[in-house]
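Overview (structure and organization)
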Amino acid sequence: MSPLAVAPKKTIGAAGKVKPLSGKSLTAQQKDAVKRLGRDKLVEMLRGMTLIREFERRCEQMYQQRKIGGFLHVYMGQEALAVGMLSAIHSDDYVTTSYRDHGIALSLGISPNPLMAELFGKVTGISRGKGGSMHFYSKEKNLLGGHGIVGGQIPIGLGAAFRAKYMGTDQVSLVFLGDGAVSQGTFHESLNMASLWQLPAIFIIENNQYGMGTSVNRSSSVQDMTLKAQGYNMEGVVVDGMNLLDCYTVVRDAVKKRRKNPSPLLIEAKTYRYRGHSISDPGTYRAKEEIENYQKVDPITQVRRLLEELDWLDDAGAKALTKAVRKEVEDSVTFAEESPNPDPGERSRHVFAD
Ligand SMILES: Cc1ncc(C[n+]2csc(CCOP(=O)(O)OP(=O)(O)O)c2C)c(N)n1
Ligand SMILES: [Mg+2]
């Protein structure tokens, strides 16, 4: 494909504009997603998003009680993105992400127990208590981290895509990154190689509008991040990251197309983080009204309302779901509390090669 033949940028959904899901005004594509997913799967997805929200709430409390130390970056507001997109992949596909990794790990079906235990620094933690919040990792789920260095995960996700193509598997590699990582060199080097070698890498920018306390308007020379895809002769698509159905559809279509004929894709998902950059961020750089405005399109409320409109979940059902999720999170706290600390002799094990 010549550089001039770059596929035009597509937009799926309202992409950040305030347009909540409603059974009465679903687009044809959203209707199709509802039909494909069906009632049970949609309720399960609502449960997945609720699990993230409740897990993060409890993490904040545990941090305040000093049960959790170090860094803590929560995912509240971005739940539709992880749940929608990761519902559309196979269990052997690769996933890489940044330090804001709790929602991604939970959406891959990892139990809250080893995740909470990791935050508590316990030996039963998913990284044996050595990584903490930023370094969830699971060989079993092909989750290649949880990375604290901004942009550090991008070449790793690229390597996984290279492996898939080299070995001739039909796997794809989903590489999640923040808007703040787009100006890092690793992003550009990785996009170049992914396009040059036509690798099955799907780069997903979780544009939550801020990198630490700096708004993306003040840190990026372009606001349409998919323009970066054109620079590397690859496809780019914008999606409403607060909309579960759109997040599911964009990845479903993307992986379907790429399993047999690998090629890279850049997705920009417009989303919003409700909390500060980390637990120690008082958030003085943005107005309360801005947060409230995004909460009007809260991803969880949107899906709950849609399910009610479809008569697929009533108020009692939704309350029971939340109650069950809270119990699951509470059990993870008990599990973490009761787990032993790592043996002090473990300190340098898995840090240096034996
Ligand atoms: C290479 C590098 N530079 C700077 C930092 C400090 N830092 C940590 S998070 C962050 C902002 C990243 O923002 P974004 O990519 O938008 O992710 P978000 O926190 O919004 O999920 C920065 C600059 C770092 N960890 N690594
Ligand atoms: Mg950001």
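Check the entry above for the structure.
Report follows, based on the coordinates.

The rules behind each value
Once a new chain begins, its residue numbering starts again from 1 and follows that chain's sequence as written. Each chain takes a letter, starting from A, and each ligand takes a number, starting from 1, following the order in which they are written. Given that this is a predicted model, residues contribute local features only at a pLDDT of at least 70 and side-chain atom pairs are listed and counted only at 80 or more, while totals for whole chains, interfaces and linings are drawn from all residues. Values reported for side chains reflect all heavy atoms of the structure, with hydrogen atoms and water molecules removed beforehand. Metal donors were taken as nitrogen, oxygen and sulfur atoms no farther than 2.8 Å from the ion, or 3.2 Å where the ion is Na, K or Ca. Water is excluded, so coordination may look unfinished. For the purposes of this entry, the term helix denotes a DSSP run of H or I that reaches at least four residues, the term strand denotes a run of E that reaches at least two, and both are numbered from the N terminus. Accessible area is worked out with a 1.4 Å probe on protein chains only. A residue is then buried under 20% of its type maximum, exposed over 50%, and partly exposed in between. The aromatic pairing rule takes the rings of Phe, Tyr and Trp, using the six-membered ring of Trp, and pairs them if the centres are within 6.5 Å, calling planes under 30 degrees apart stacked, those over 60 edge-to-face and the rest tilted. Cation placement over rings: the criterion is NZ of Lys or CZ of Arg within 6 Å of the ring centroid and within 35° of the ring normal. Being near a molecule or strand, for a residue, comes down to having at least one heavy atom within 4 Å of it. Nitrogen and oxygen atoms within 3.5 Å of one another constitute a polar contact, given that in protein one can donate a hydrogen and the other can accept it, and given that sequence-neighbouring residues count only through two side-chain atoms. Throughout, the Shrake-Rupley method with a 1.4 Å probe supplies accessible areas, and for residues the shown protein chains are the sole cover considered. Residues are called lining when one of their atoms sits within 4 Å of a cavity or pocket point, these points coming from a 1 Å grid over the protein atoms alone, where a cavity is a set in which a 1.4 Å probe fits but cannot get out and a pocket is an open set with protein on both sides within 12 Å along at least five of seven lines. More than half of a molecule's atoms lying within 2 Å of a cavity's or pocket's grid points is what places that molecule inside it. Gly counts as polar in this scheme, as do all residues outside two lists: the nonpolar Ala, Val, Leu, Ile, Met, Phe, Trp, Tyr, Cys and Pro, and the charged Asp, Glu, Lys and Arg. A side-chain nitrogen of Lys or Arg and a carboxyl oxygen of Asp or Glu constitute a salt bridge if their distance falls within 4 Å. What we call a nonpolar core is a set of buried Ala, Val, Leu, Ile, Met, Phe, Trp, Tyr and Cys residues that are connected through their side-chain atoms within 4.5 Å. Only heavy atoms enter the contact rule, under which two residues are in contact if any of them lie within 4.5 Å. A fitted line through C-alpha atoms serves as each axis, taken over the contacting stretch for helices, and the angle formed by two N-to-C directions is quoted from 0 to 180°. Reported orientations rely on four angle classes, namely roughly parallel under 35 degrees, roughly antiparallel over 145, roughly perpendicular from 65 to 115, and oblique for the rest. Definitions for this section: a left-handed crossing has its near helix turned counterclockwise from the far helix by less than a right angle. A right-handed crossing has that turn clockwise. Strands are treated as partners if at least two bridges between them are detected by DSSP. A clockwise course of the path from the first strand over the helix to the second, judged with the strands pointing away from the viewer, identifies a crossover as right-handed.

Our next topic: the coordination of the magnesium ion (ligand 2). At the metal site, the magnesium ion (ligand 2) is ligated by Asp179 (OD), Asn208 (OD1) and Tyr210 (O), and these contacts range over 2.1 to 2.2 Å. Mapped onto the polypeptide sequence, the residues donating to the magnesium ion (ligand 2) form the spacing pattern D-x28-N-x1-Y. Taken together, the residues span a long stretch of sequence, with aspartate 179 in the loop between strand S4 (173-178) and helix H6 (185-196) and tyrosine 210 in strand S6 (residues 210-211) at a distance of 31 residues. Side by side, aspartate 179 and tyrosine 210 carry an identical accessibility label, which is buried.

This part takes up the packing of aromatic side chains. Counted according to the given criterion, the structure contains 5 aromatic pairs. Taking the centre distance of 4.0 Å and the plane angle of 5° together, the rings of tyrosine 272 and tyrosine 294 count as stacked. You can see tyrosine 272 sitting in the loop between strand S9 (265-270) and helix H10 (288-295) and its partner tyrosine 294 sitting in helix H10, a full 22 residues away along the chain. By relative accessible area, which is 0% here, tyrosine 272 ends up buried. Linked through ring pairs, Tyr210, Tyr272, Tyr285 and Tyr294 together constitute an aromatic cluster. Lying across the ring of tyrosine 210, arginine 286 places its NZ or CZ 5.5 Å from the centre.

With respect to spatial proximity, 15 residues lie near ligand 1, and among them Tyr99, Arg100, Gly180, Asn208 and Tyr210 are the closest. Here an oxygen atom of ligand 1 and a side-chain polar atom of arginine 100 are 2.8 Å apart. Within the contact set of ligand 1, an oxygen atom lies 3.4 Å away from a side-chain nitrogen or oxygen of histidine 277. Protein contacts shield 72% of the accessible area of ligand 1, which totals 590 Å² for the unbound molecule. A majority-of-atoms criterion places ligand 1 in the largest pocket. Looking at the shell around ligand 1 residue by residue, the class counts come to 6 nonpolar, 7 polar and 2 charged.

With that settled, consider the pattern of salt bridges. Applying the stated rule across the entire model yields 22 salt bridges. With a closest N to O distance of 3.1 Å, glutamate 337 and lysine 67 form a salt bridge. Of the two residues, glutamate 337 sits in helix H12 (residues 315-338) while lysine 67 sits in the loop between helix H1 (28-64) and helix H2 (79-86), which places them 270 residues apart along the sequence. Look at glutamate 337 and you get partly exposed, because its relative accessible area is 38%. Given the relative accessible area of 32%, lysine 67 is considered partly exposed.

Right, let's talk about the nonpolar core for a bit. In summary, soluble globular proteins display a tendency toward joint burial of nonpolar side chains. By size, the foremost hydrophobic cluster in this structure holds 68 residues, and its most contacted members are Met85, Met116, Leu174 and Ile267. Discounting chain neighbours no more than four positions away, the residues touching leucine 174 are Leu86, Ile89, Tyr94, Val95, Thr96, Ile202, Ile204 and Val251. Core analysis: the second largest hydrophobic core is formed by 19 residues, Val175, Ala194, Val216 and Leu266 among them.

Below, the discussion takes up the side chain of arginine 53. In this structure, arginine 53 sits in helix H1. A distance of 2.5 Å separates polar atoms of two side chains, one belonging to arginine 53 and the other to glutamate 79. Setting aside anything within four residues of it in sequence, one finds arginine 53 in contact with Met76, Gly77, Glu79, Tyr274, Asp298, Pro299 and Ile300.

Moving on, we come to the environment of glutamine 302. Residue position: glutamine 302 is located in helix H11 (residues 299-309). With 220 residues separating them along the chain, glutamine 302 and alanine 82 place their C-alpha atoms 15 Å apart.

On to the side chain of serine 332, then. Note that serine 332 resides in helix H12. Discounting chain neighbours no more than four positions away, the residues touching serine 332 are Phe55, Pro112, Asn113 and Met116.

Burial runs high along helix H4 (residues 112-119): 7 of the 8 residues are buried. Buried within H4 are the following residues: Pro112, Pro114, Leu115, Met116, Ala117, Glu118 and Leu119. On the buried face of H4, the contacting elements are H1, helix H3 (102-107) and H12. Taken from the residues just after H4, glycine 121 is the one with a positive phi, measuring 75°.

Moving on: the packing of H2 against helix H9 (residues 244-258). Contact geometry for H2 and H9: axes closest at 7 Å, N-to-C directions at 40°. Of the possible angle classes, the one that applies to H2 and H9 is oblique. Handedness of the crossing formed by H2 with H9: right-handed. Residues Ala80, Leu81, Val83, Gly84 and Met85 of H2 touch H9, and the partners they reach there are Leu244, Cys247, Tyr248, Val250 and Val251.

Taken across its 7 residues, strand S5 (residues 201-207) has 7 buried, putting it largely inside the fold. Every second residue of S5 is oriented toward a common face, with Ala201, Phe203, Ile205 and Asn207 on one face and Ile202, Ile204 and Glu206 on the other, all of them buried. Summarising the sheet, S4 and S5 pair through 6 bridges and their orientation is parallel. From the neighbouring strand, phenylalanine 176 faces S5, where its bridge partner is isoleucine 204. Regarding topology, H6 serves as the crossover connection from S4 to the parallel S5, and that connection is right-handed. Relative to S9, S5 runs parallel, the two sharing 6 bridges. Counted as the bridge partner of isoleucine 205 is glutamate 268 from S9.

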